[in-house]
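An overview of the molecular structure
Here is how the chains run, residue by residue.
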Amino acid sequence: MPSTPRSPKVSPNNPCPFLRALVAQGLLADDVVSLGTITSTIVKVANAGDGQPELPAAAIRAIALVANGLTPLQMARNGFGGLRLNELRNGPLDKKGAGSRILDAKAKVDPKELARLEEFASEKTDADGHAEPGLDLDELQRMMDANFERAAGHRRSIDRKLMDGEWPILLKVMGKQGKTGRYLSLKEVGELFVERRLPERMSSQLASG
Ligand code: HEM
């Protein structure tokens, strides 16, 4: 069984598994974070991944600007006051069940939905020659298409586009460079959602750098 998530606590109104892990690891505040801090933190964490992935700061800042609302007033509030991580739910980026559904509306992990990832995964071999189930980009695309498909009737057309900024970016940041390409380790994805932590190799890289 995965261990109990560590403190600090993470707001149930933060539905992003990646940001939830950064809060739980003490890298981000649970409530308000300036756009400068959120951008530099994400860029730094990404850089601790396999092969030192680089994420574009301007794109992260743009997402953070609109994440709490799309009106000019709401965007100005984020621009000057910062991103409210504990108010992302019901914001413009919330797909409300059109995603993986691993986190429910109260940010509780649904073990059935987490286990469903296995349907899309296949055996991968990591750089040390160990075999494990994982998801490469093609398999993630199939999973995202299936997520969009099953949400027919309660999805927005933009939801499928938004997914391209989630799982493929997670692959870029947390992916392992395997023998035949990059993949997300299912074990590490589970730890991200359930224990809210980054892979050990990334945490130790962050601690040393
Ligand atoms: C300012 C930066 C970010 C904001 C505001 C943000 C916000 C969100 C929100 C609101 C959701 C919920 C979407 C839904 O309803 O399914 C979400 C999901 C997600 N995000 Fe983030 N996010 C950010 C950065 C990132 C980064 C850098 C990564 C990857 C390294 C990431 C990976 C994911 C993943 C994998 C999901 C889960 C989608 C699913 O369950 O299907 N996010 N994010």
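Since this is a predicted model, take the numbers as computed values, not measurements.

So, how was this worked out
Residues numbered from 1 in each chain as written. Predicted model: local features only at pLDDT ≥ 70, side-chain atom pairs only at ≥ 80, totals over all residues. Heavy atoms only, no water. Core = buried A, V, L, I, M, F, W, Y, C linked by side-chain atoms within 4.5 Å. Buried < 20%, exposed > 50% of the residue type's maximum accessible area, 1.4 Å probe, protein only. Helix = DSSP H or I, 4+ residues; strand = E, 2+ residues; numbered from the N terminus. Contact = heavy atoms within 4.5 Å. Salt bridge = Lys/Arg side-chain N within 4 Å of Asp/Glu carboxyl O. Near = heavy atom within 4 Å. Polar contact = N/O pair within 3.5 Å; in protein donor to acceptor, adjacent residues only side chain to side chain. Nonpolar A, V, L, I, M, F, W, Y, C, P; charged D, E, K, R; others polar. Pairing = 2+ DSSP bridges. Axes fitted to C-alpha atoms, helices over the stretch in contact; angles between N-to-C directions. Expected span 1.5 Å × (residues − 1). Arc of directions from axis to C-beta.

**Observations concerning the nonpolar core**
Ile38, Leu85, Leu117 and Trp167 are the most contacted members of the largest nonpolar core, which totals 47 residues. Of all the secondary structure elements, the ones that give two or more residues to this core are helix H1 (17-24), helix H2 (35-47), helix H3 (57-66), helix H6 (137-150), helix H8 (167-174), helix H9 (186-195) and helix H10 (200-208). Looking at which element gives the most residues to this core, the answer is H1, with 6 residues. For isoleucine 38, the contacting residues outside a window of four places in its chain are Leu19, Leu28, Val33, Ala64, Leu83 and Leu85.

**Re the pattern of salt bridges**
For the coordinates displayed, the defined rule picks out 16 salt bridges. For arginine 156, the salt bridge identified is with aspartate 159, shortest N-O distance 2.7 Å. Arginine 156 sits in the partly exposed class, given a relative accessible area of 34%.

**Describing the site of the ligand**
Residues in close proximity to the ligand total 20 residues, the closest being Cys16, Lys95, Ser100, Glu166 and Trp167. Between an oxygen atom of the ligand and a side-chain N or O atom of aspartate 94, the distance comes to 3.2 Å. Between the ligand and the protein, one listed contact pairs an oxygen atom with a side-chain N or O atom of serine 100 at 2.6 Å. Secondary structure elements with two or more residues in the shell around the ligand: H1, H3 and H8. Sort the elements by how many residues they give to the shell around the ligand and H8 lands first, with 4 residues. Across the shell around the ligand, the residue classes break down as 14 nonpolar, 2 polar and 4 charged.

**Re the sheet that holds strand S3 (residues 122-125)**
Ordered in space as S3-S4-S6-S5, the 4 strands form an open sheet in which the pairing is antiparallel. In the strand order of this sheet, the two ends are held by S3 and strand S5 (176-178), each with one partner. Within the sheet, the average angular offset between the axes of one strand and its neighbour, ignoring direction, is 65°. Pairing analysis gives 3 bridges linking S5 to strand S6 (residues 181-185), with the strands arranged antiparallel. Residue pairing in the sheet places glutamine 177 in a bridge with arginine 182 of S6. Where H8 meets the sheet, it contacts strand S4 (131-135), S5 and S6, and its direction lies at approximately 105° from that of S6.

**Notes on H2**
The first and last C-alpha atoms of H2 sit 18 Å apart over 13 residues, in line with the 18 Å expected at 1.5 Å per residue. Among all positions in H2, only Leu35, Ile38, Thr39, Thr41, Ile42, Val45 and Ala46 are buried. The arc that holds the buried residues of H2, viewed along the axis, is 165°, so those residues lie on one side.

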